[in-house]
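Given next are the chains, with one letter for each unit.
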Amino acid sequence: MKPVLVPNGGRIDRLGATVTPEGVNFAVYSESATAIWVSIFDELDQETDRFALDVRQDHIWAGLISGLGAGTPYGLRADGEYNPDQGYFFDPMKLLVDPYAKRLDRVFVRSPRLRLDRAEAVDTAPLVPKAIVVSEAWEAAVPRKKAPTLFYEMNVRGYTMRHPGVQGPLRGSIAGLTTQRVIDHLKYIGVDTLQLMPTAAWIDEGHLPALGLTNAWGYNPIAYSAIDPRLAPRGPHELRNMTDLYRKNGISVILDVVYNHTGEGDAFGPMLSLMGLDARTYYRFVEVDGKQVLVNDAGTGNTLRCDHPAVQRLVIDSLRYWVEEMGVSGFRFDLATVLGREPGFNPNAVMLEKIKSDPVLSKCILVAEPWDVGPGGYALGQFGKEFREHNDTYRDEIRGFWRGEDGKIGELAGKVAGSAEIFDFAGRKPSHGVNMLAVHDGFTLRDLVSYVDKHNEANGEHNRDGHSHNSSWNCGIEGETDDPAVIFARKRDVRALLATLFMSRGIPLLQQGDEMFRTQQGNNNAYAQDNEITWLDWENADGDLVDFVAAINQFRKAHSALTHDHWLTGQERNGVRDVVWLHPDGREMNEDDWRYSGASVLGMHLRNKDDEVLVWFNRRIEPVVAHLPDSNWQVGIVSDHTAQVTLMESTATLTPRSVTALIRPVQP
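Calculation rules
Residues numbered from 1 in each chain as written. Predicted model: local features only at pLDDT ≥ 70, side-chain atom pairs only at ≥ 80, totals over all residues. Heavy atoms only, no water. Pairing = 2+ DSSP bridges. Helix = DSSP H or I, 4+ residues; strand = E, 2+ residues; numbered from the N terminus. Axes fitted to C-alpha atoms, helices over the stretch in contact; angles between N-to-C directions. Buried < 20%, exposed > 50% of the residue type's maximum accessible area, 1.4 Å probe, protein only. Core = buried A, V, L, I, M, F, W, Y, C linked by side-chain atoms within 4.5 Å. Contact = heavy atoms within 4.5 Å. Expected span 1.5 Å × (residues − 1).

Enquirer: So, the sheet that holds strand E23 (residues 507-511): which residues are in play, and what are the values?
Expert: Strand order in the closed barrel formed by eight strands is E12-E13-E16-E19-E20-E21-E22-E23, with parallel pairing between adjacent strands. Within this sheet the neighbouring strands show an average axis-to-axis angle of 25°, counted without direction. Judged from the four bridges that link them, strand E13 (residues 193-196) and strand E16 (residues 252-257) form a sheet pairing that is parallel. Bridge assignment links Gln195 to a residue of E16, and that residue is Ile254.

Enquirer: Describe in detail the environment of Ala485, supporting the description with residues and values.
Expert: Assignment of secondary structure puts Ala485 in helix H12 (residues 484-502). Classification of Ala485 as exposed rests on a relative accessible area of 53%. Once the C-alpha coordinates of Ala485 and Cys475 are considered, the two residues, ten residues apart in sequence, prove to be 9.2 Å apart.

Enquirer: I'd like to hear about the nonpolar core, residue by residue, with values.
Expert: Ranked by size, the top nonpolar core spans 167 residues in total, and within it Phe26, Tyr246, Tyr259, Trp322, Phe331, Phe333 and Phe617 carry the most contacts. Once you skip the residues sitting within four places of it in the chain, Tyr246 turns out to touch Leu177, Val182, Ile183, Leu186, Leu194, Ile251 and Val253. Trp616, Val645, Ala652 and Leu662 belong to the second largest nonpolar core, which has 14 residues in total.

Enquirer: Please provide a residue-by-residue account of helix H4 (residues 237-248), values included.
Expert: Taking 1.5 Å of rise per residue, the twelve residues of H4 would be expected to cover 16 Å, and the 17 Å separating its terminal C-alpha atoms lies within 8% of that figure. Every buried residue of H4 is listed here: Glu238, Leu239, Arg240, Met242, Thr243 and Tyr246. Buried residues along H4 sit against helix H2 (180-189), E13, strand E15 (221-227), E16 and helix H6 (309-324). Of the residues one or two after H4, Gly250 is the one with positive phi, at around 80°.

Enquirer: Give a description of the sheet that holds strand E4 (residues 35-41) that names residues and reports values.
Expert: Ordered by their spatial adjacency, four strands build an open sheet running E5-E4-E8-E11, and the pairing between neighbours is antiparallel. Each edge of the open sheet is held by one strand with a lone partner, namely strand E5 (47-52) and strand E11 (131-132). Across two bridges, the pairing between strand E8 (residues 73-79) and E11 is antiparallel. Looking across to E11, one finds that Tyr74 is bridged to Ala131.

Shown next, in the form of structure tokens:
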């Protein structure tokens, strides 16, 4: 049946491509276009039809085309003013991806022709992925909003590319995550909230193809509601199958989403979607010398205009799609302050309020990365009780303590107690803070204790990229070594760091592979390394460290004194104090002790009802005798499994560079 435009049949109530009994309804938002077409393609990628959308209302262009159905490949074209100096980039020769596309036929590949001036008159259709009309109607999923106890950050490709239990064709894909051995590992270490790094279809940064590199992380999206074909080559149902399976196994799946910029970059970037549909609606601009210049608060060339109703609708609709149709249970928002820019950050911005009040999204796990690179973009603690927030101060202060920096004993106490100075207001709790020691943009835990300096030469930017201040150390030798003493010291330090993480109030986050002692060879910005640098080396995983992570997570969950979600006060209540901070001499810490710059040992005596735990942090390189508050203690868990903690009547000999948790049996 030949496709035919039904005159004035288009509807504006639902954006994107919607299958109806009469055909397919197409609808797209653009304030500045003078004409918008839908281009239809065949299985040979040839354009067979082009229809002008003939309904225009409230800046929404729509058209109903009969004779089409699910599986139809299509793209959009838009005409209007072409004046890049004023933020107008209309060019009907540029094929554009529907912002509401839910499936693409291929990955995005960069080409100089995607950014040519309109005067060049080059049709980009052969270079641009086609959206595929979908009609799958899944039963609406219900978010699994069980309070997280352990976040696990995962890169789909990096996690499965070398997994011995994942069959070859499934490696690097979401379907590979459904392999039972993958699930068993996550359950063994106690993961209950899996955070997938971006899955929305992305494009490489402009300089990568010439270097022979590709984007491995996905933080450069084009189509917000379409899974990148590399991750789900057989279609979006692969993600829904995966989230359903993980829910049955007690694991919530949340997505890392990037509603702050797109991969179209600056005014000289590829024309792929929003830029060609209506740049001034979808992106932020500022006037400079009479010209409209793209704002770069995301550090990538453009910034999404999240205070515009059309962008807000795009974000909300996309989020609801991932939840209701793909079965995810929440989101980690990359550079989340962009969501609240008006243009300065406003914690009560309309975009944020819409997320918080949405009947679906409000039931989800919401996590903010509370900063961006724009002016005034650091907003840790300002996202309200609906959001949890990544706490970079935890990372920096805990690293500083174990690295040996002076004057860090007070910061150690504040961070393991939940960062009350940041989160203790407006009804927030310690669990609103997400504690991490290492995430994707930085050193792995192994590299944190193996390299003083970053080593990013493989990225092709002459080691200029990535963080230069890492609070890292190398235990005596820079980089990989066969020296058994250095290897021992590094593993001991990693275990101490992990023990600190799991002894802290707040929700711990573990980066994939840190439980296995993985390395990225000193690369602290491996965004362009879709290779062995970021692929987990399962064959050489440190099994003892995996067992330790599982054990310390179980220990944490078993002791309410460690996890009870309230702020520690140190005040006596019913004859019991919830925390007492101890000097190794056995006395309670006083002001002079807190001020002593060389302090390296701290005891944290916690009580909650019948549960009592005494945690000692010792960063010295020699054993320390710590005096205990009375007797009858038992060793609960020790980070250094190669040494013995000696308990006497009223003392404990703490092993070097370690965390020791003592417990007291409940009295009958």
